[in-house]
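Read off the chains here:
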Amino acid sequence: MPKKTARSLAADRSKLSHKAAYALRNPARVAPYVRRALRDRWLRFRHPSHVDYYRAVMASDTANNPEAAVGSGSHDRWLALGQMQFGFLKQHGLQPQHRMLDIGCGNLRAGWRFIQYLDAGNYYGIDISPDILISAKKTLTHYELQEKLPHLTITHDLKLDFLPSGHFDVVHAHSVFSHSPIEVIDECLANVGRILKPTGFFDFTFDRTEGAEHQVLREDFYYRTATLVALAEKHGLSARFMDDWEKLPHGQSKIRVSLVDSPVPAEH
Ligand SMILES: C[S@@+](CC[C@H](N)C(=O)[O-])C[C@H]1O[C@@H](n2cnc3c(N)ncnc32)[C@H](O)[C@@H]1O
């Protein structure tokens, strides 16, 4: 995962000039990009709704390699990215008795560590992709976590209406809003407050730009921090940029959302 630089934060990857310069610097990546762009064009034609389209992208990518489908180029990187998410939340006070919802849990890259750590039944993972959830069950079996009885559920939207009110200490979405148009994020922020405990929080990562907001292939979406903070506030939530996440070797940034008037969770 590339580190953020002033240049990468200003880049508009949707522009032809950016693509041409990138192609000149990385000629070996041109053919795979063209293949992906053609596949995505076909999938968008077949699936006009974003969630249906992205589910089809995940089906195609998972069939090739589930670890690559969640964004890890190697198994070592898959392990490291899971550890980064787990270590961060533990540092921020995650405890075994906490109840956690992992939105877009993928194939449990971090989820297996949360499941192992949390008390039985306290992990809920949801995802739009049946293919990646099948892979998630394989991860669960590989790490022999059956006794922890995690909940793994397919979803089509982020209304979260099947979950109880005031239930979760931690809601988490890693590398999900980086693949989401603004209406999907808006729906999540409109509903997440209901399921949070008063002291709970919702952490999500996003692809940050300091220039123009843009998207590439409707797979990768780049937002300004202020846009997402304002969206959270529109739904009566408070939001803060997580500076300590920025110190980690990860290309995305993180925002923490909590209920207004709740004490900010203690950092340990
Ligand atoms: C890059 S992967 C990250 C998976 C996991 N969070 C991790 O860090 O390993 C993104 C995941 O989010 C899921 N996803 C994308 N949009 C979603 C949505 N609107 N609701 C739920 N899951 C979504 C995808 O199917 C995929 O499994």
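Chains are numbered independently. Their residues run from 1 in the order of the written sequence. Local features in a predicted model are, by the rule used here, given only for residues with pLDDT of at least 70; side-chain atom pairs are given and counted only at 80 or more, and totals for whole chains, interfaces and linings are based on all residues.

**Q** Could you clarify how one ought to interpret the overall build of the chain in this entry?
**A** The number of helices and strands found in the chain is 11 helices and 9 strands. Only the C-alpha atoms count toward the radius of gyration. The rule for a globule is 2.2 Å times the residue count to the power 0.38. In summary, the chain has a C-alpha radius of gyration of 18 Å against a globular reference of 18 Å for 268 residues, a match within 12%. Judged by the C-alpha coordinates and their principal axes, the chain covers about 50 × 40 × 35 Å. Our exposure labels follow a C-beta count within 10 Å of each residue's own C-beta, placed from the backbone: buried means 20 or more other C-beta atoms, exposed means 12 or fewer, and partly exposed covers the counts in between. Per-residue burial over the chain gives 36% buried out of 268 residues. In the chain, 69% of the contacts between residues at least 6 apart in sequence involve partners at least 24 apart. Each helix corresponds to a stretch of at least 4 residues labelled H or I by DSSP, and each strand to a stretch of at least 2 residues labelled E; elements are numbered beginning at the N terminus. Here the contact rule is simple: place C-beta atoms from the backbone, and any two residues whose C-beta atoms are within 7 Å are in contact.

**Q** I would appreciate a short explanation of the pairing of strand S9 (residues 253-259) in the present structure.
**A** Each regular strand displays side chains that alternate between the two surfaces of the sheet. Where burial is concerned, most of S9 is hidden: 5 out of the 7 residues are buried. In this structure, strand S5 (residues 196-208) lies alongside S9, joined through 6 bridges in antiparallel fashion. Bridging across to S9, Phe201 finds its partner in Ser258. Note: two strands are recorded as paired if DSSP finds a minimum of 2 bridges between them. As defined by bridge partners, strand S8 (residues 237-241) adjoins S9 across 5 bridges and the pair is classed as antiparallel.

**Q** Honestly, the nonpolar core in this entry has me stumped. Any pointers?
**A** Across soluble globular proteins, you tend to see nonpolar side chains buried next to one another. Counting 55 residues, the largest nonpolar core has Met100, Ile103, Val171, Val192, Leu228 and Val257 as the members making the most contacts within it. Those residues in contact with Val257 that lie beyond four places of it in its chain are Val192, Phe201, Phe202, Ala232, Leu237 and Ala239. Put simply, a nonpolar core is buried Ala, Val, Leu, Ile, Met, Phe, Trp, Tyr and Cys residues tied into one set by C-beta atoms within 7 Å.

**Q** When you look at the packing of helix H9 (residues 182-195) against helix H10 (residues 225-234) in this model, what are you seeing that I'm missing?
**A** The angle between the axes and the distance between the axes are what describe a pair of packed helices. Lines are fitted to the C-alpha atoms to define the axes, a helix being fitted only along its stretch in contact, and any angle between axes, read from their N-to-C directions, falls within 0 to 180 degrees. Relative to each other, H9 and H10 sit at 40°, their axes nearing to 9 Å. With respect to H10, the axis of H9 lies oblique. In the packing of H9 onto H10, the handedness of the crossing is right-handed. Contacts between H9 and H10 pair Ile185, Asp186 and Leu189 from the former with Leu228, Leu231 and Ala232 from the latter. An angle counts as roughly parallel when it lies under 35 degrees, as roughly antiparallel when it exceeds 145, as roughly perpendicular when it falls between 65 and 115, and as oblique in every other case. Rotating anticlockwise by less than a right angle from the far helix to the near helix defines a left-handed crossing, while the corresponding clockwise rotation defines a right-handed one.

**Q** How should helix H4 (residues 50-64) be read in this particular structure?
**A** Each α-helix winds once per 3.6 residues, and so residues spaced three or four apart point in a common direction. In a helix, the anticipated span is given by 1.5 Å times the number of residues less one. Taking 1.5 Å as the rise per residue, H4 with 15 residues should run 21 Å; its terminal C-alpha atoms sit 21 Å apart, in good agreement. Along H4, the residues classified as buried are Tyr54, Arg55, Val57, Met58, Asp61 and Thr62. Along H4, the residues classed as buried sweep out an arc of 160° about the axis, all on the same side. Turned more than 90 degrees away from the buried face of H4, the exposed residues are Ala63 and Asn64. Residues of H4 that are buried make contact with helix H3 (30-46), helix H5 (66-69) and helix H8 (130-142). The arc under discussion is defined with respect to the helix axis, by the directions toward the C-beta atoms.

**Q** What should I look at first to understand the environment of Asn107 in this one?
**A** Mapped onto the elements, Asn107 comes out in the loop between strand S1 (100-103) and helix H7 (111-117). On the basis of neighbour counts, which here come to 26 C-beta atoms within 10 Å, the residue Asn107 falls in the buried class. Note: C-alpha distance between Asn107 and Tyr53 (54 residues apart in sequence) is 19 Å. If we ignore the near neighbours within four places in the chain, the residues touching Asn107 are Pro66, Val70, Ile132, Ser135, Ala136 and Thr139.

**Q** Can you walk me through unusual backbone geometry in this structure?
**A** For residues besides glycine, phi is generally negative; the peptide bonds are generally trans as well. Positive phi, normally seen in glycine, also occurs at Leu108, with a value near 65°. Relative to the assigned elements, Leu108 resides in the loop between S1 and H7. Judged by C-beta crowding, with 30 C-beta atoms within 10 Å, Leu108 ranks as buried. In this structure, Leu217 is a non-glycine residue whose phi angle is positive, near 60°. Take Leu217: it is sitting in the loop between strand S6 (214-216) and strand S7 (220-223).

**Q** Which parts of the structure should I look at to understand the site of the ligand?
**A** Surveying the vicinity of the ligand reveals 24 residues, the closest of which are Gly104, Gly106, Arg109, Ser129 and Ser175. Of all the secondary structure elements, the ones that give two or more residues to the shell around the ligand are H4 and strand S2 (123-127). With 3 residues, H4 is the largest single contributor of residues to the shell around the ligand. For the shell around the ligand, the class distribution of residues is 13 nonpolar, 9 polar and 2 charged. To decide whether a residue is near a molecule or strand, its C-beta atom is placed from the backbone and checked for lying within 6 Å of it. Note that Gly is not counted as nonpolar here; it falls among the polar residues with everything else outside the nonpolar set of Ala, Val, Leu, Ile, Met, Phe, Trp, Tyr, Cys and Pro and the charged set of Asp, Glu, Lys and Arg.

**Q** Looking at this model, I keep getting lost on the UniProt feature "domain: Methyltransferase type" (unreviewed entry) in the chain. Mind explaining?
**A** Listed under "domain: Methyltransferase type" (unreviewed entry) in the UniProt record, and renumbered for this structure, are residues 101-202. Strand forms 25% of residues 101-202 and helix 33%; the C-alpha atoms that close the span are 9 Å apart. UniProt positions are given in the numbering used here, feature names are shortened, and annotations may be inferred rather than shown by experiment.

**Q** Is there a simple way to think about the pairing of strand S4 (residues 168-173) in this case?
**A** For S4, a buried count of 6 out of 6 residues is recorded, marking the element as mostly surrounded by other parts of the structure. One ladder, built from 3 bridges, connects S1 with S4; its direction is parallel. Counted as the bridge partner of Met100 is Val170 from S4. Pairing geometry for S4 and S5, over 5 bridges, is parallel. Note on S5: the bridge partner recorded for Val171 is Phe202.

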